[in-house]
There are 10 protein chains.
Amino acid sequence: MITAFVLLDVQTDQVPEVAEALCDVEGVVEVYSVTGRYDLICKVKVARNEDLADVVTGRVGKIPGVAGSETVIAFRSYSPRVLDAGFALGQDPV
Amino acid sequence: MITAFVLLDVQTDQVPEVAEALCDVEGVVEVYSVTGRYDLICKVKVARNEDLADVVTGRVGKIPGVAGSETVIAFRSYSPRVLDAGFALGQDPV
Amino acid sequence: MITAFVLLDVQTDQVPEVAEALCDVEGVVEVYSVTGRYDLICKVKVARNEDLADVVTGRVGKIPGVAGSETVIAFRSYSPRVLDAGFALGQDPV
Amino acid sequence: MITAFVLLDVQTDQVPEVAEALCDVEGVVEVYSVTGRYDLICKVKVARNEDLADVVTGRVGKIPGVAGSETVIAFRSYSPRVLDAGFALGQDPV
Amino acid sequence: MITAFVLLDVQTDQVPEVAEALCDVEGVVEVYSVTGRYDLICKVKVARNEDLADVVTGRVGKIPGVAGSETVIAFRSYSPRVLDAGFALGQDPV
Amino acid sequence: MITAFVLLDVQTDQVPEVAEALCDVEGVVEVYSVTGRYDLICKVKVARNEDLADVVTGRVGKIPGVAGSETVIAFRSYSPRVLDAGFALGQDPV
Amino acid sequence: MITAFVLLDVQTDQVPEVAEALCDVEGVVEVYSVTGRYDLICKVKVARNEDLADVVTGRVGKIPGVAGSETVIAFRSYSPRVLDAGFALGQDPV
Amino acid sequence: MITAFVLLDVQTDQVPEVAEALCDVEGVVEVYSVTGRYDLICKVKVARNEDLADVVTGRVGKIPGVAGSETVIAFRSYSPRVLDAGFALGQDPV
Amino acid sequence: MITAFVLLDVQTDQVPEVAEALCDVEGVVEVYSVTGRYDLICKVKVARNEDLADVVTGRVGKIPGVAGSETVIAFRSYSPRVLDAGFALGQDPV
Amino acid sequence: MITAFVLLDVQTDQVPEVAEALCDVEGVVEVYSVTGRYDLICKVKVARNEDLADVVTGRVGKIPGVAGSETVIAFRSYSPRVLDAGFALGQDPV
């Protein structure tokens with residue numbers, strides 16, 4: 001599986017609406033509204049880079065209110081050796 | 001739990017080494033080397049914002065080779081309604 | 001309590017109006033028009049990060065005239081040991 | 001009194017140390033380590049702009065580890081009309 | 001007196017018009033069209049920072065054609081010891 | 001006479017020292033430490049653009065602690081029609 | 001032959017459409033939708049720099065949806081000595 | 001095969017040397033010194049994203065003189081329908 | 001004579017048209033469409049800085065399609081000692 | 001002939017020295033110290049893009065004090081129809 005993060009710049013008054021729309025896009029597995037220079041970050045998991053094109057330029061880019069997006073693909077994932085004692089698996093992501 | 005993403009700018013010749021060091025930091029639950037303007041993205045899960053200070057300024061910032069970092073905290077997480085058919089749960093994150 | 005600062009970029013001819021509107025948003029405890037690259041800075045105090053989502057994306061983002069905003073959350077607060085002699089507590093914030 | 005915010009860019013491995021040093025600077029009344037593009041934000045209260053020069057260029061700028069700073073002065077403060085029910089006055093700033 | 005400089009970004013076809021309008025704003029004491037990344041620079045002199053709010057957000061910001069502005073306040077003024085021999089006082093500023 | 005402004009980026013711990021050094025440069029007629037993205041702004045008055053080369057690249061650029069500078073030349077100066085009532089001529093520039 | 005790359009910033013909801021339009025422009029030999037700060041990258045091969053003007057400002061710039069473009073010309077091409085064993089020539093470019 | 005472009009920022013006096021070193025990296029199929037804000041652009045072809053990590057962070061990042069790099073992966077390649085008459089296939093890339 | 005370069009940002013579909021319009025502006029002596037972050041560069045020669053105001057803000061800024069411009073004035077010109085053997089004087093500038 | 005402009009960022013205390021060194025580089029036909037975000041601009045004229053590589057990466061990039069450079073190549077030159085009456089041909093370039 002290919003993991004990518006889409007860093008989204010959204011029209012200031014449309015953030016919750018765009019977040020909800022992202023949840024209906026196949027391949028999007030996590031969506032967060034965030035602090036900082038981006039408005040939303042979503043994690044995407046697909047089989048091939050080609051599928052990312054459908055998700056990002058075909059679907060995410062077409063959601064009204066999305067002003068810009070920057071996709072970063074994970075080259076490699078590294079497995080943390082120290083799971084935080086307080087991190088109960090399966091808990092609500094936030 | 002609080003979810004945050006740390007977007008890391010790393011000395012060009014130190015990326016794999018910093019990624020490995022991040023895996024030993026308590027609270028870091030995912031680490032990726034990525035395309036684009038950042039070198040590494042790691043997901044952090046902690047109980048309180050205060051704990052993030054320990055993770056980010058106390059531990060991550062002290063790793064040799066880290067040139068800069070920008071932490072974004074998830075305000076809110078939204079739950080995708082469309083799990084990608086091809087996304088087999090429990091698979092290696094990447 | 002969680003402390004955050006929202007750094008606001010406002011339509012040039014709407015600064016005083018947006019400042020007044022911010023004063024009606026629950027959770028906003030201080031509002032300043034400022035010099036420099038931002039137009040307004042407001043301090044927000046809420047119980048949980050989740051509440052920030054309501055304040056920032058739910059309320060502040062919807063105020064007409066807000067062109068962009070960047071929220072920074074305080075990881076940790078440090079207590080100054082040297083209160084400025086000339087700083088009379090309880091005085092008008094500015 | 002004049003209120004200003006100093007947005008600090010700090011050497012990645014020196015954030016807690018610089019924060020502590022700021023607490024010993026007369027005129028600095030609040031210090032936070034923060035998410036986002038800055039590392040620290042401190043609020044300064046002084047009698048005259050001239051005094052800010054002493055605080056910012058005379059003291060803050062001389063703290064080892066400070067890579068850059070940007071000071072914004074509050075033109076005007078606006079008084080919020082809606083104190084957050086959950087905001088208990090006098091509590092620890094964070 | 002407080003000295004500030006307002007660095008103005010103006011709609012490309014409105015520069016002379018905005019310059020003239022600035023000349024009618026109380027507190028503005030010098031106005032220049034300039035080379036470089038800004039279009040106009042004006043010097044403002046007022047009694048208190050609070051007055052700057054009226055000048056900058058109340059008046060300058062409302063001039064049609066102003067796309068953005070960044071105000072910098074002089075902390076401290078330093079007095080040059082070497083007046084340029086060729087600098088005849090009282091001459092047209094440019 | 002030609003009027004120019006030099007916007008200076010100075011090593012964080014050298015601001016007052018560089019300001020004093022600027023005061024010894026022929027052609028520099030005003031020097032301010034300022035808020036915002038620049039550290040110092042100085043006004044220069046010379047007879048010809050060519051003289052600016054001596055002032056900026058020949059003298060200012062050689063002052064230890066100057067990290068970068070950006071010179072803007074005034075194309076045209078516009079004369080304010082509304083001298084601020086409170087602006088007493090001849091007063092200390094700040 | 002002259003090789004150039006055009007780095008394209010495209011309206012978020014027009015990426016696939018602009019990519020298809022690029023394929024009809026003489027001189028464009030490769031077109032990719034890409035991750036990162038650009039939306040599309042296309043390679044152009046022409047006989048003279050002058051021909052690039054026709055391709056870039058005459059054709060590419062006129063495609064609806066193109067928000068901005070930055071052309072880089074190859075000064076010199078260097079020939080890799082290590083063809084990746086796994087790189088089967090003539091395969092579909094992606 | 002996966003196609004990616006690495007946009008390289010190189011120490012000003014090391015451009016030709018870094019270009020030659022890139023030619024010895026397996027997976028790098030084209031290398032150009034270019035005009036504009038980047039110094040070198042190289043095209044990389046590999047079987048999996050994971051292999052890109054070896055090429056970019058494992059090899060390219062370790063070349064002395066590389067100051068920074070930004071990798072963009074091709075989501076999708078589009079096939080031009082209009083081969084430039086003057087573009088003789090199989091010619092030297094530049 | 002004063003030499004200045006105007007670096008122009010032009011609406012993507014208007015580059016050739018703006019270039020032609022520049023050719024009708026008195027004081028403009030060379031006009032190029034260029035690669036890189038700007039779209040056009042023109043060289044201007046006038047007697048006084050004041051005349052630049054007429055050329056840049058009075059004429060160039062008013063040309064439809066000009067999105068932004070940045071004027072740089074030559075402080076000093078240095079005379080190359082090595083005229084390129086291949087540089088035949090009087091040839092078409094490009 | 002190919003015309004290019006090299007926009008140079010130079011160590012603050014090395015501007016005149018780098019300008020003189022540029023005058024000894026074959027292909028460099030004009031050199032100016034300038035206002036604004038660049039320190040020097042030089043015009044280069046060569047027969048082929050390939051020759052630019054020698055001039056820019058082979059010679060200019062190797063001059064001590066050059067911190068960065070950005071080369072823009074002229075796609076097309078447009079011939080002004082209105083020579084400024086005051087522009088006497090053959091005069092010293094500045």
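Up top is the structure these notes are about.
Conventions we followed
Counting restarts for each chain, with residues numbered from 1 along the sequence as it is written. A letter from A marks each chain and a number from 1 marks each ligand, given out in the order of writing. The model is predicted, so local features are restricted to residues of pLDDT at least 70 and side-chain atom pairs to those at 80 or more, both for listing and for counting; the totals for chains, interfaces and linings are taken over all residues. Computation of side-chain values covers all heavy atoms of the structure but excludes hydrogens and water. A run of DSSP states H or I qualifies as a helix once it reaches four residues; a run of E qualifies as a strand once it reaches two. Both are numbered from the N-terminal end. Residue burial is assigned from relative accessible area. The probe radius is 1.4 Å, only protein chains are included, and a residue is buried under 20% of its type maximum, exposed over 50%, and partly exposed in between. The criterion used for residue contact is that any of the two residues' heavy atoms lie within 4.5 Å. The Shrake-Rupley method, run with a 1.4 Å probe, gives the accessible areas here. Residue values count only the displayed protein chains as cover. Strands qualify as paired when DSSP identifies two bridges or more between them. When the copies are superposed, the least-squares fit draws on C-alpha atoms of residues that have pLDDT of at least 70 in both. Aromatic pairing here means that ring centres of Phe, Tyr or Trp (its six-membered ring) are within 6.5 Å. Orientation follows from the plane angle: under 30 degrees is stacked, over 60 is edge-to-face, and everything else is tilted. Any Lys or Arg side-chain nitrogen found within 4 Å of a carboxyl oxygen on Asp or Glu counts as a salt bridge. When residues are grouped by polarity, Ala, Val, Leu, Ile, Met, Phe, Trp, Tyr, Cys and Pro land in nonpolar, Asp, Glu, Lys and Arg in charged, and all others, Gly among them, in polar. For helices, the fitted line uses only the C-alpha atoms of the stretch in contact; every axis is such a line through C-alpha atoms, and the angle between N-to-C directions lies from 0 to 180 degrees. Polar contacts, as used here, are pairs of N or O atoms within 3.5 Å; protein pairs need one atom able to donate a hydrogen and one able to accept it. Residues neighboring in sequence count only if both atoms are side-chain atoms. The term buried area denotes the loss of accessible surface (1.4 Å probe radius) that occurs when two parts are joined, taken as the sum for both partners.

**Section: the overall build of chain A**
Point 1. Within chain A, the regular secondary structure consists of two helices and four strands.
Point 2. Seen in sequence order, chain A has helices and strands lined up from the N terminus as β-α-β-β-α-β.
Point 3. Looking at chain A as a whole, 63% of its 94 residues are labelled buried.
Point 4. Contacts spanning at least 24 positions in sequence make up 68% of the contacts within chain A whose residues lie at least 6 apart.
Point 5. For chain A, the exposed surface amounts to about 3,200 Å²; the carbon and sulfur share of it is 49%.

**Some remarks on the pairing of strand 2 (residues 28-34) of chain I**
Point 1. Along strand 2 of chain I, seven of the seven residues are buried, which leaves the element largely enclosed by surrounding structure.
Point 2. With five bridges joining them, strand 2 of chain I and strand 3 (residues 40-46) of chain I adopt antiparallel strand pairing. Residue pairing for strand 3 of chain I: S33(I) is matched across the bridge by L40(I).
Point 3. Where strand 2 of chain I folds back on strand 3 of chain I, the antiparallel hairpin that results is connected by five residues, among which G36(I) adopts a positive phi of roughly 90°.
Point 4. Bridging between strand 2 of chain I and strand 4 (residues 66-78) of chain J involves four bridges; their strand directions are antiparallel. Directly across from V34(I), in strand 4 of chain J, lies its bridge partner A74(J).

**Notes on the relation of the copies chain C and chain D**
Point 1. Between chain C and chain D, which share one sequence, the superposing operator has a rotation angle of 180° and an axial displacement of 0.0 Å; the RMSD is 0.0 Å. Seen this way, the second copy is the image of the first under a two-fold rotation axis.
Point 2. In this assembly, 100% of the residues forming the interface of chain C have copies in chain D that are likewise at the interface, indicating an isologous arrangement.

**Regarding the packing of aromatic side chains**
Point 1. By the definition in use, this model includes 15 aromatic pairs over all chains.
Point 2. With a centroid separation of 5.3 Å and 65° between ring planes, the pair formed by F5(C) and Y32(D) is classed as edge-to-face. Of this pair, F5(C) sits in strand 1 (residues 2-10) while Y32(D) is found in strand 2 (residues 28-34), placing the two residues in two different chains. Of the two residues, F5(C) and Y32(D), neither departs from the other in class, the shared state being buried.
Point 3. Taken together, a centroid distance of 5.8 Å and an interplanar angle of 70° make the contact between F5(G) and F5(H) edge-to-face. Taken as a pair, F5(G) in strand 1 (residues 2-10) and F5(H) in strand 1 (residues 2-10) lie in two separate chains rather than in one. Per residue, the accessibility class of F5(G) equals that of F5(H), and both read buried.
Point 4. These aromatic residues form a ring-pair network of at least three members: F5(A), Y32(A), F5(B) and Y32(B).

**What about the interface of chain D and chain F?**
Note on interface size: it is often stated as the accessible area lost on association of the parts.
Point 1. Across the contact, 12 residues belong to chain D and 10 residues belong to chain F.
Point 2. Between K62(D) and E17(F) there is a salt bridge, with its nearest N and O atoms 2.8 Å apart.
Point 3. Counting residues per element, the ones that place at least two in the side of chain D that touches chain F are helix 2 (49-59) and strand 4 (66-78) of chain D.
Point 4. It is strand 4 of chain D that provides the largest number of residues to the side of chain D that touches chain F, a total of seven residues.
Point 5. Here the residues of the side of chain D that touches chain F are counted per class, giving four nonpolar, five polar and three charged.

**Let's talk about the sheet that holds strand 4 (residues 66-78) of chain H**
Point 1. Here eight strands make up a closed barrel; going around it, the order is 1(G)-3(G)-2(G)-4(H)-1(H)-3(H)-2(H)-4(G) and the pairing antiparallel. Averaged over all pairs of adjacent strands, the angle between their axes in this sheet comes to 35°, without regard to strand direction.
Point 2. Relative to strand 4 of chain H, helix 2 (residues 49-59) of chain A is tilted by about 85°, and along the sheet it contacts strand 2 (28-34) of chain G together with strand 1 and strand 4 of chain H.
Point 3. Across the sheet, helix 2 (residues 49-59) of chain J touches strand 1 and strand 4 (66-78) of chain G together with strand 2 (28-34) of chain H, and the angle it forms with strand 4 of chain G is around 85°.

**Digging into the side chain of R76(I)**
Point 1. Looking at the element boundaries, R76(I) is found in strand 4 (residues 66-78).
Point 2. A distance of 2.7 Å separates polar atoms of two side chains, one belonging to R76(I) and the other to D54(F).
Point 3. With sequence-adjacent residues up to four places away left out, R76(I) is seen in contact with E50(F), A53(F), D54(F), V31(J), Y32(J) and S33(J).

**A word on the sheet that holds strand 1 (residues 2-10) of chain E**
Within a sheet, each strand pairs with its neighbour through backbone hydrogen bonds, oriented either parallel or antiparallel.
Point 1. One closed barrel accounts for eight strands, arranged 1(E)-3(E)-2(E)-4(F)-1(F)-3(F)-2(F)-4(E); its pairing is antiparallel. Neighbour to neighbour, the strand axes of the sheet diverge by 35° on average, direction disregarded.
Point 2. Across the sheet, helix 2 of chain D lies against strand 1 and strand 4 (66-78) of chain E together with strand 2 (28-34) of chain F, angled at about 85° from strand 4 of chain E, the strand it touches most.
Point 3. Set on the sheet, helix 2 (residues 49-59) of chain F makes contact with strand 1 (2-10), strand 2, strand 3 (40-46) and strand 4 (66-78) of chain F; between it and strand 3 of chain F the angle comes to about 140°.

**Notes on the interface of chain C and chain D**
Point 1. Contacts between the two partners involve 49 residues from chain C, matched on the other side by 49 residues from chain D.
Point 2. Buried surface at the junction of chain C and chain D, both sides included, amounts to about 4,700 Å², of which 57% is carbon and sulfur.
Point 3. Our count for the contact surface shared by chain C and chain D stands at eight salt bridges.
Point 4. For the interface between chain C and chain D, the tally reads 21 residue pairs in polar contact (both at pLDDT 80 or more).
Point 5. Contributing elements (two or more residues each) for the side of chain C that touches chain D: strand 1, helix 1 (15-22), strand 2 (28-34), strand 3 (40-46) and strand 4 (66-78) of chain C.
Point 6. Among the elements that line the side of chain C that touches chain D, the one with the most residues is strand 4 of chain C, at nine residues.
Point 7. When its residues are assigned to classes, the side of chain C that touches chain D shows 27 nonpolar, 10 polar and 12 charged.

**Examining the relation of the copies chain D and chain F**
Both copies of the chain are related through a single rotation about an axis accompanied by a shift along the same axis.
Point 1. Of the two same-sequence chains, chain D is brought onto chain F (RMSD 0.0 Å, axial shift 0.0 Å) by a rotation of 72°. Such a turn and shift between the copies fits a five-fold axis. Residue A67(D) of chain D places its C-alpha closer to the rotation axis than any other residue of that unit, at 10 Å.

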